[in-house]
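Each chain, written out:
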2 protein chains.
Amino acid sequence: MTVTIYDVAREAGVSMATVSRVVNGNPNVKPTTRKKVLAAIELLGYRPNAVARGLASKRTTTVGVIIPDISSAFFAELARGIDDIASMYKYNIILCDSDSRLDKEVQLINTLLEKQVDGIVYMGREITEDHMRVFNTSNVPIVLAGTKEKSSELPSVNIDHFQAGYDATIRLIEGGHKRIAIVTGPFQDPLAGVERFEGYRKALEEHNIDFRQNYVISDKLTYRAGMAAAKSFMSLEETPTAIFAASDETAVGVIHGLQDMGKRVPQDIEVIGFDNIRLSEMVRPKLSTVVQPMYDIGAVAMRLLTKYMNNEDVDDHIVVLPHRIEERQSTTLLRDE
Amino acid sequence: MTVTIYDVAREAGVSMATVSRVVNGNPNVKPTTRKKVLAAIELLGYRPNAVARGLASKRTTTVGVIIPDISSAFFAELARGIDDIASMYKYNIILCDSDSRLDKEVQLINTLLEKQVDGIVYMGREITEDHMRVFNTSNVPIVLAGTKEKSSELPSVNIDHFQAGYDATIRLIEGGHKRIAIVTGPFQDPLAGVERFEGYRKALEEHNIDFRQNYVISDKLTYRAGMAAAKSFMSLEETPTAIFAASDETAVGVIHGLQDMGKRVPQDIEVIGFDNIRLSEMVRPKLSTVVQPMYDIGAVAMRLLTKYMNNEDVDDHIVVLPHRIEERQSTTLLRDE
DNA sequence: CTGAAAGCGCTAACAC
DNA sequence: GTGTTAGCGCTTTCAG
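Just so it is clear, the model here is predicted, and its values are computed rather than measured.

> Whenever I open this one, the side chain of Thr169 of chain B confuses me. Can you help?
Tracing the backbone through its elements, the reader meets Thr169 of chain B in helix α8 (residues 161–174). A relative accessible area of 0% places Thr169 of chain B in the buried class.

Right, here's the structure in full:
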């Protein structure tokens, strides 16, 4: 029924080993026999069975990727980086949407390990001890992309979120603002919820601006949350004049919430986002934002993983990529008015 | 080093076969022995090797998914539907980004087949004879999601794009418009480029509205293309009063292009999009659009695939899901002014 | 209800 | 250069 390496061998009048050699590009084959084998392969329509190969060689050229939400523009962009590099190195990807649920994540990791992936790229928001426990049962390398884990045991690639939050706030301060609000992620999220927020605090502190608890809203970084936050801030007695939202989607929600209340951005209130997803250029005013090199984070993470899988030396298992601020129309920082 | 089924068998004092049975949930095992085996598994930290299982059983519980661009909101949403149903049926997904390139697609299909996936869900824009050739070498079922192939041999799930294009245009006509332009996809794309466009033509024709060649622009359905199209249409002597864009992103580009030229939407010009991606609610005015049940298309496609993989009967291999029009703020169809 | 044994299709020494 | 021969770790008859 299905044609195997053995059929090819017989057809070509050689041994399985020889067929295996030509299939795998082993140079130790006389050109004439190679030709014969190739002809037999063509004739029979032979397709190597990667599962059998995987069992025999103990390598599957497949890596597992855990993603919290494939329809999130941010993670999808990371995934693109991962996929590009993976395919460059001839790896395939088993993509698993974890829905950010711990139980599912743990189960997925186990499944991936059973499937004998050669390595795993993990994306998530928070890493608990339960995560670490499963990670530790892994016999293959794992690298975190856009995700952090406090002990810094696991290799990871990120930007400096603290610094990024600081930078964003500084720009607002330099724009002359004193009443600066923030919509930050859930506090369980060490990056979007904590570090960016800590950067914000530090910036205020350094500039002797009082920190006001009612200027901070911690929520899931959705569009709706942004709209709600805008309403909430605008109901304060002393309303903020600038808002730092820890994600672009949220920032856009903030802007629309503001606009719906008749406020103009940036004339009345300035808004800055985070990530630089494509959406940020597809709204009016275009969103000023902290740009995170999403594609690169994914790409570098995957590249790092290939090094581990090939037992190459890696000089630094924690890589921090640069970020920058892209000023568009939702802030007026560059205008001198 | 790694613990195998054999180790568990010895530890539990039973045969491999018995261990296999408990691992696979075979009921023909005495509770006591099951308990013993489970204990041994726990003790040894045994993790079944899915590759070996796949080789022996000829099933990998893995399906391949080809996606043109993982960072496209439309396809990502389909992928979510696919993934959800796949995980519901205990399948894992090998996700391959084809970048819409024929050569890569063909190569990816082959790789997936080598990896012994149990089935394939294919998403793409166009299906050529080269595609069909590879598809035909497959010994596992393939279903198309959001993609069509003229011969209708392959199972697929879609909406009726012709009807959808027709409906969108009719709404514009009913809104009182006579000068209706369209930004359609590339003509190689049978759905976004051809069918939607044909629907548009038919609607005009039925209402005795002259078809004008300079009211149609066929381009990649990007945001930029939308902006460019808006400029182009507005440079015409007789400018359109309504524009149907064959994707939401393009529609938003059109709107912004219009706004940048000082036009108001919908007061001066009405715009309707296609797909109903999340973006359509995250812009102002909110975009009226033809809603395509993206998640469902993916989900149904995957469900269909499971049927084929289990040799279940399927009554109809071509499934057409319903679409509808969601009126938001970029059209005034419902207003009576 | 349980065990023995024959593969699944391929790779990887090891000979020649 | 090429062939032989063990496995890789598991499922699956087939007995009993």
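Let's pick the thread back up.
> It is not clear to me how the packing of helix α2 (residues 16–23) of chain B against helix α3 (residues 31–44) of chain B should be interpreted in this structure. Could you clarify?
Any two packed helices are characterised by how steeply their axes cross, that is the angle between the axes, and by the distance between the axes. Residues and elements named next belong to chain B. Between α2 and α3, whose axes approach to 10 Å, the crossing angle comes to 85°. Overall, the two elements α2 and α3 adopt an arrangement that is roughly perpendicular. Where α2 abuts α3, its residues Thr18, Val19, Val22 and Val23 lie against Arg34, Val37, Leu38 and Ile41. Classifying every residue of the contact of α2 with α3 gives six nonpolar, one polar and one charged.

> I tried to follow the interface of chain A and chain B on my own but got confused; where do I start?
In many analyses, interface size is given as the accessible surface area lost on bringing the parts together. Between chain A and chain B, the residue contacts involve 48 residues of the former and 48 residues of the latter. Interface of chain A and chain B: buried area, both sides summed, is about 4,200 Å²; carbon and sulfur atoms make up 54% of it. Area buried by chain A at its contact with chain B is led by Arg47, Met282 and Arg284 of chain A, which between them contribute 17% of it. Inspection of the chain A/chain B interface yields four salt bridges. Here Arg284 of chain B makes a salt bridge to Asp260 of chain A, at a shortest N to O gap of 2.7 Å. In this assembly, chain A and chain B are joined by 26 residue pairs in polar contact (both at pLDDT 80 or more). Counting only elements with at least two residues in the side of chain A that touches chain B, the list comes to α4 (50–57), α5 (73–88), β2 (92–97), α6 (102–114), α10 (223–234) and α11 (248–260) of chain A. Class assignment of the residues belonging to the side of chain A that touches chain B gives a composition of 19 nonpolar, 15 polar and 14 charged.

> Just to check I follow, could you spell out the domain arrangement of chain A for this structure?
Residues and elements named next belong to chain A. We note that the domain assignment places domain 1 (5–48), domain 2 (60–159 + 294–323) and domain 3 (161–292) within chain A. Each of domain 2 and domain 3 was reduced to a C-alpha centroid, and the two centroids are 29 Å apart. Contacts between domain 2 and domain 3 engage twelve residues on the former and 16 residues on the latter. Note on domain 2 versus domain 3: buried area summed over both sides is about 1,200 Å², and carbon and sulfur give 62% of it. Taken as a group, Ile159, Met294 and His323 account for 48% of the area that domain 2 buries against domain 3, more than any other trio of residues on that side. Applying the counting rule to domain 2 against domain 3 returns one salt bridge. For Lys148, the salt bridge goes to Glu195, with nearest N and O atoms at 2.6 Å. Among the secondary structure elements, those contributing two or more residues to the side of domain 2 that touches domain 3 are α5, β5 (156–159) and α12 (294–309). Here the residues of the side of domain 2 that touches domain 3 are counted per class, giving five nonpolar, four polar and three charged.

> I would appreciate a short explanation of α3 of chain B in the present structure.
Residue pairs three or four apart in sequence face the same way in an α-helix, which turns once every 3.6 residues. Residue and element names in this part refer to chain B. The end-to-end C-alpha distance of α3 is 20 Å, a good match for the 20 Å that 14 residues give at a rise of 1.5 Å each. Buried within α3 we find Thr33, Val37, Ala40 and Ile41. One side of α3 holds all its buried residues, which, seen down the axis, span an arc of 100°. Residues of α3 that are exposed and point more than 90 degrees away from the buried face comprise Pro31, Thr32, Lys35, Glu42 and Leu43. For α3, the elements touching its buried residues are α1 (5–12) and α2. In the stretch just after α3, Gly45 is the one whose phi turns positive, near 65°.

> Looking at this structure, I do not really get the sheet that holds strand β7 (residues 216–218) of chain A. What am I missing?
Where strands meet in a sheet, backbone hydrogen bonds hold them as pairs that are either parallel or antiparallel. Residue and element names in this part refer to chain A. Strands sit in the order β7-β6-β8-β9-β10-β12 across an open sheet of six strands; the sheet is mixed. The open sheet has two free edges, formed respectively by β7 and β12 (324–326), since each of these has just one partner strand. Neighbour-to-neighbour, the strand axes of the sheet open up by a mean angle of 15°, direction not taken into account. Note: strand β8 (residues 242–245) against strand β9 (residues 270–275), three bridges, orientation parallel. In the sheet register, Phe244 faces β9, and the bridge partner there is Ile272.

> Looking at this structure, I do not really get the protein's contact with DNA strand D. What am I missing?
Thr18, Arg21 and Lys30 of chain A together with Ile5 and Tyr46 of chain B are the nearest of the 27 residues found near DNA strand D. Backbone sugar and phosphate groups make up 61% of those atoms of DNA strand D lying within 4 Å of the protein. Separating a phosphate oxygen of DNA strand D from a backbone N or O atom of Lys30 of chain A is a distance of 2.6 Å. In this structure, Ala56 of chain A approaches DNA strand D through a main-chain N or O atom, which is 3.3 Å from a base oxygen. Broken down by secondary-structure element, the contributors of at least two residues to the surface near DNA strand D are α2 (16–23) and α4 of chain A together with α2 and α4 (50–57) of chain B.

> Which parts of the structure should I look at to understand the protein's contact with DNA strand C?
In the vicinity of DNA strand C lie 26 residues, with Ile5 and Tyr46 of chain A together with Thr18, Arg21 and Thr33 of chain B positioned nearest. Sugar plus phosphate: this is where 63% of the atoms of DNA strand C within 4 Å of the protein reside. With respect to DNA strand C, the side chain of Tyr46 of chain A contributes an N or O atom lying 2.4 Å from a phosphate oxygen. One nitrogen or oxygen atom from the side chain of Thr18 of chain B is found 2.6 Å from a phosphate oxygen belonging to DNA strand C. Listed by contribution, the elements that provide at least two residues to the surface near DNA strand C are α2 and α4 of chain A together with α2 and α4 of chain B. Partitioning the surface near DNA strand C into residue classes produces twelve nonpolar, ten polar and four charged.

> Just to check I follow, could you spell out the UniProt feature "domain: HTH lacI-type" (unreviewed entry) in chain A for this structure?
Summarizing the sequence annotation, UniProt attributes the feature "domain: HTH lacI-type" (unreviewed entry) to residues 3–57 of chain A in the numbering used throughout. In the segment residues 3–57 of chain A, helix accounts for 69% and strand for 0%; the C-alpha atoms at its two ends are 20 Å apart.

> Any chance you could explain the pairing of strand β3 (residues 119–122) of chain B here in plain terms?
A regular strand carries its side chains on alternate faces of the sheet. Residues and elements named next belong to chain B. A two-sided burial pattern is seen for β3, the buried positions comprising Gly119 and Val121 on one face and Ile120 and Tyr122 on the other. In this sheet, β3 lies alongside strand β1 (residues 62–67) in parallel orientation, the contact comprising four bridges. Bridging from a neighbouring strand, Val63 pairs with Gly119 of β3. One ladder, built from three bridges, connects β3 with strand β4 (residues 142–145); its direction is parallel. Bridging across to β4, Tyr122 finds its partner in Leu144. Taken together, β3, helix α7 (residues 129–136) and β4 form a β-α-β motif whose crossover is right-handed.

> Whenever I open this one, the relation of the copies chain A and chain B confuses me. Can you help?
Both copies of the chain are related by one operation, a rotation about an axis with a shift along it. Take chain A, turn it by 180°, move it 0.0 Å along the axis, and it overlays chain B with an RMSD of 0.1 Å. Seen this way, the second copy is the image of the first under a two-fold rotation axis. Residue Ile94 of chain A, judged by its C-alpha, is the member of chain A lying nearest the rotation axis, at 2.2 Å. Comparing contact sets, 100% of the residues at the interface of chain A also lie at the interface in chain B, consistent with an isologous, same-surface contact.

> What am I meant to see in unusual backbone geometry here?
Leave glycine aside and you will find that most residues have negative phi; peptide bonds, for their part, are mostly trans. At the junction of Arg284 of chain A and Pro285 of chain A, the peptide bond is cis and its omega measures out at -5° in the coordinates. Residue position: Pro285 of chain A is located in the loop between β9 and β10 (288–291). With a phi angle near 65°, Lys58 of chain B is a residue other than glycine that sits in the positive phi range. With a phi close to 60°, Asp99 of chain B is a non-glycine residue in the positive phi region. When you line up the elements, Asp99 of chain B lands in the loop between β2 (92–97) and α6 (102–114). By relative accessible area, Asp99 of chain B is classed as partly exposed at 45%.

What counts and what doesn't
- Residues numbered from 1 in each chain as written.
- Chains lettered and ligands numbered in written order.
- Predicted model: local features only at pLDDT ≥ 70, side-chain atom pairs only at ≥ 80, totals over all residues.
- Heavy atoms only, no water.
- Helix = DSSP H or I, 4+ residues; strand = E, 2+ residues; numbered from the N terminus.
- Buried < 20%, exposed > 50% of the residue type's maximum accessible area, 1.4 Å probe, protein only.
- Axes fitted to C-alpha atoms, helices over the stretch in contact; angles between N-to-C directions.
- Parallel < 35°, antiparallel > 145°, perpendicular 65-115°, else oblique.
- Contact = heavy atoms within 4.5 Å.
- Nonpolar A, V, L, I, M, F, W, Y, C, P; charged D, E, K, R; others polar.
- Buried area = accessible area lost by both parts, 1.4 Å probe.
- Salt bridge = Lys/Arg side-chain N within 4 Å of Asp/Glu carboxyl O.
- Polar contact = N/O pair within 3.5 Å; in protein donor to acceptor, adjacent residues only side chain to side chain.
- Domains from an automatic or database assignment.
- Expected span 1.5 Å × (residues − 1).
- Arc of directions from axis to C-beta.
- Pairing = 2+ DSSP bridges.
- Near = heavy atom within 4 Å.
- UniProt positions renumbered as here; feature names shortened; annotations may be inferred.
- Right-handed = clockwise from strand over helix to strand, strands pointing away.
- Least-squares fit on C-alpha atoms with pLDDT ≥ 70 in both.

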